[in-house]
Amino acid sequence: MSYLALYRKYRPQTFDKVVGQEHITKTLENQVKNNKISHAYLFCGTRGTGKTSVAKIFARAINCENPVNGSPCGQCNACKQLSQASNMDVMEIDAASNNRVDEIREIREKVKYPPVVGKYKVYIVDEVHMLTDSAFNALLKTLEEPPAHCVFILATTEVQKLPATILSRCMRFDFKLIEQNVLEEMLKNIFNDSGIKYEDEAVAFIAKEGNGSARDTLSIADMCVSFGNGNVTYDAVLQVLGVNDDYKLCELVQNIIDEDAGAYITNINDLVKDGKSLSMLARDMSIYFRNLMVIKNCKDYKGLIVVRKDIENRMLQQTQSVTNDELTEFLNEFGQVELNLRYSVRPQLLIEIAGLKCMKIKKKI
Ligand SMILES: [Zn+2]
């Protein structure tokens, strides 16, 4: 059986299926409903937040014969034709590889011809900040006098690199990082729909690692689904991502709190034997100390961190034994380790010393 990546299979086809960008999709829906289409749009935001998906939906919506609530119907001739990669009316151009003035001039020549299928020809220019200066100037000329049947959607992850002349001619939309609970809900819907079993903690962890990007979240989910053969468990997610088990981290931190150097060094040694990456360990220790700080200081910490219930209880106890000053120092120590690891020939030693220094800090403060 062929497996279709979740990211491809669940690419949204209508505005209401786009997650976490309601402030944008609502406006675009209304533009379609009221037939008030601009000629140039600028979609800004981090990768994986839905810029290209929204651009493609919009391109079909403005050409659709019977839009439903401002979204493409998916049934009419225009919707069907425009969802095929070979169509001539919705062009996707990657400015990273087509950044020269000749290529933009070629677009300028082509925009004159009317669309084949629907009312509009749509040019989606990805990573538009990669264009050269002369290519920008050529694009600007087109944006100044676009033919009535032409719509440009410029997408970028680095809006600060765009010239003001381009910015001033576009209707700008800023795509937000997608909140973790929104990503979790998206994942659960997809897993339920595909008959994939999951643990809630596994979903929460994948969503956290997705860092606000639907695409990254789904590609991590893909790896975990394949690894667990359709059963996404918390342990499987840890293994796939190569991150450290919270129980192990919890124990290491307890060793530091107890000032038990022997146990700390032995535990580090065990992790190394298991093939754990030391840079991941240093990173995870920093995250763990940060989480302790959040638990210690924020009443509503539950929305800010993801941990298992039993670990959470142990962390609550640990916060009783450390001060904010100590935690700050611990974070400094392990932050330094993260920086120094890549130049070190004895990475294990760096982590061991950092732990011992933390124990010393504990004695001093
Ligand atoms: Zn349609």
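1. Brief notes about the overall build of the protein chain
What the protein chain contains, in helices and strands, is 17 helices and 7 strands. Looking at the 365 residues of the protein chain, the share that counts as buried comes to 35%. The contacts in the protein chain between residues at least 6 apart in sequence include a share of 75% that link residues at least 24 apart.

2. Quick notes on the environment of L238
Note that L238 resides in helix α11 (residues 234-241). By C-beta crowding, L238 is classed as partly exposed, having 17 other C-beta atoms within 10 Å. Residues L238 and M171, 67 residues apart in the sequence, show an inter-C-alpha distance of 42 Å. Not counting residues up to four positions away in its chain, the partners in contact with L238 are V243 and D245.

3. Quick notes on helix α3 (residues 51-61)
Most of α3 is tucked away: 10 of the 11 residues are buried. Among all positions in α3, only K51, S53, V54, A55, K56, I57, F58, A59, R60 and A61 are buried. The elements touched by buried residues of α3 are α2 (22-33), β1 (40-44), α4 (77-82), β2 (90-94), β3 (121-126) and β4 (150-156).

4. Describing unusual backbone geometry
Positive phi values are uncommon outside glycine, yet N69 reaches one of about 55°. Positive phi, close to 50°, is recorded for N211, a residue that is not glycine. Of note, N211 is situated in the loop between α9 (200-209) and α10 (214-227).

5. Some details on α9
Of all the positions in α9, only A202, V203, A204, F205, I206 and A207 are classed as buried. Contacts from the buried residues of α9 go to α8 (180-194), β6 (197-198), α10, β7 (231-232) and α11.

6. A look at the nonpolar core
Y41, F43, F58, F152, I153, L154 and I206 are the most contacted members of the largest nonpolar core, which has 68 residues in total. Not counting chain neighbours up to four residues away, the residues in contact with I206 comprise L187, T217, I220, A221, C224 and V237. Of all hydrophobic cores here, the second largest spans 23 residues; its members include I268, L271, F330 and I351.

7. Considering the packing of α9 against α10
Any two packed helices are characterised by the angle at which their axes cross and by the distance between the axes. As a packed pair, α9 and α10 sit with axes 8 Å apart at the nearest point and diverge in direction by 135°. Of the possible angle classes, the one that applies to α9 and α10 is oblique. Crossing of α9 over α10 shows right-handed handedness. Mapping the contact onto sequence places I206, A207 and E209 in α9 and T217, I220, A221 and C224 in α10. When grouped by side-chain class, the residues that make up the contact of α9 with α10 number 5 nonpolar, 1 polar and 1 charged.

8. Concerning the domain arrangement of the protein chain
Taken domain by domain, the protein chain comprises domain 1 (6-174), domain 2 (180-241) and domain 3 (246-364). Taking only C-alpha atoms into account, the centre of domain 1 sits 30 Å from that of domain 2. Across the side of domain 1 that touches domain 2, the residue classes break down as 4 nonpolar, 5 polar and 1 charged.

9. Observations concerning the pairing of β2
In terms of strand pairing, β2 meets β3 through 5 bridges, oriented parallel. Looking at the pairing, M91 lines up with Y123 of β3. Between the parallel elements β2 and β3, the chain passes through helix α5 (residues 101-110) in a crossover that is right-handed.

Rules and cut-offs
- Residues numbered from 1 in each chain as written.
- Predicted model: local features only at pLDDT ≥ 70, side-chain atom pairs only at ≥ 80, totals over all residues.
- Helix = DSSP H or I, 4+ residues; strand = E, 2+ residues; numbered from the N terminus.
- Buried ≥ 20, exposed ≤ 12 C-beta atoms within 10 Å, placed from the backbone.
- Contact = placed C-beta atoms within 7 Å.
- Core = buried A, V, L, I, M, F, W, Y, C linked by C-beta atoms within 7 Å.
- Axes fitted to C-alpha atoms, helices over the stretch in contact; angles between N-to-C directions.
- Parallel < 35°, antiparallel > 145°, perpendicular 65-115°, else oblique.
- Left-handed = near helix turned anticlockwise from the far one by under 90°.
- Nonpolar A, V, L, I, M, F, W, Y, C, P; charged D, E, K, R; others polar.
- Domains from an automatic or database assignment.
- Pairing = 2+ DSSP bridges.
- Right-handed = clockwise from strand over helix to strand, strands pointing away.

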